[in-house]
Amino acid sequence: MIVGHIGVRKGSKGVPGKNFRELLGKPLIDWSLEQLLAHPRIDAVVVSTDDEEIYAHAIAKGCLEMGLRP
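Notes on the structure follow.

Reading the values: the criteria
- Throughout, a residue's number is its position along its own chain's written sequence, starting from 1.
- Since the coordinates come from a predicted model, pLDDT governs what is reported: local features require at least 70, and pairs of side-chain atoms require 80 or more to be given and counted, while whole-chain, interface and lining totals use all residues.
- Computation of side-chain values: all heavy atoms of the structure, hydrogens and water removed.
- Buried residues of nine kinds, namely Ala, Val, Leu, Ile, Met, Phe, Trp, Tyr and Cys, make up a nonpolar core once their side-chain atoms join them within 4.5 Å.
- Here's how the labels work: a residue is buried when its accessible area is under 20% of the maximum for its type, exposed when over 50%, partly exposed in between, all with a 1.4 Å probe on protein chains only.
- Strands are runs of DSSP state E lasting at least two residues, helices are runs of H or I lasting at least four, and both sets are numbered from the N terminus onward.
- A contact between two residues is defined here by any heavy atoms of the two lying within 4.5 Å.
- Pairing of aromatic side chains requires ring centres within 6.5 Å, counting the rings of Phe and Tyr and the six-membered ring of Trp. Pairs whose planes differ by under 30 degrees are stacked, by over 60 edge-to-face, and all others tilted.
- Charge-over-ring contacts are defined here by two conditions on Lys NZ or Arg CZ: a distance within 6 Å of the ring centre and an angle within 35 degrees of the ring normal.
- Here an angle of 0 to 180 degrees is reported between the N-to-C directions of two axes, which are lines fitted to C-alpha atoms, with helices fitted over the stretch in contact.
- Whether a crossing is left-handed or right-handed is set by the direction in which the near helix is turned from the far one by less than a right angle, anticlockwise for left-handed and clockwise for right-handed.
- Polar here means any residue outside two lists: the nonpolar Ala, Val, Leu, Ile, Met, Phe, Trp, Tyr, Cys and Pro, and the charged Asp, Glu, Lys and Arg; Gly therefore counts as polar.

Of all hydrophobic cores here, the largest spans 11 residues; its members are Ile-6, Val-8, Ile-29, Leu-33, Leu-36, Ile-42, Val-45, Val-47, Ile-54, Ala-58 and Cys-63. Among the secondary structure elements, those contributing two or more residues to this core are β1 (3-8), α1 (28-38), β4 (44-49) and α2 (52-61). The residues contacting Ile-29, other than those within four sequence positions of it, are Val-8, Asn-19, Phe-20, Ile-54 and His-57.

This next bit is on the packing of aromatic side chains. Inspection of the entire model under this criterion finds zero aromatic pairs. When the ring centre of Trp-31 is taken as origin, the NZ or CZ atom of Lys-26, which lies over that ring, is 3.9 Å away.

What follows deals with the packing of α1 against α2. Relative to each other, α1 and α2 sit at 35°, their axes nearing to 11 Å. Seen along the crossing, α1 lies across α2 with a hand that is right-handed. Note on element contacts: α2 touches α1 through Ile-54, His-57, Ala-58 and Lys-61, opposite Ile-29, Asp-30, Leu-33, Glu-34 and Leu-37. In terms of residue class, the contact of α1 with α2 is made up of five nonpolar, one polar and three charged.

Right, dumping it as structure tokens:
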């Protein structure tokens with residue numbers, strides 16, 4: 001089994017809220033999620049985050065439920 005992983009921090013010192021900022025019509029995080037979820041050799045995708053909104057978004061997109069990190 002091949003697992004894709006994305007680590008996403010809640011805060012950003014340089015660009016607050018950058019994970020949900022739109023880039024060419026979709027949130028920045030979706031560019032990475034969609035690539036991993038669509039890859040034929042990746043069986044599952046997990047998102048490691050300390051942000052409930054990011055976590056819920058990833059689960060809604062089809063990522064595995066792993067819980068929030070501390």
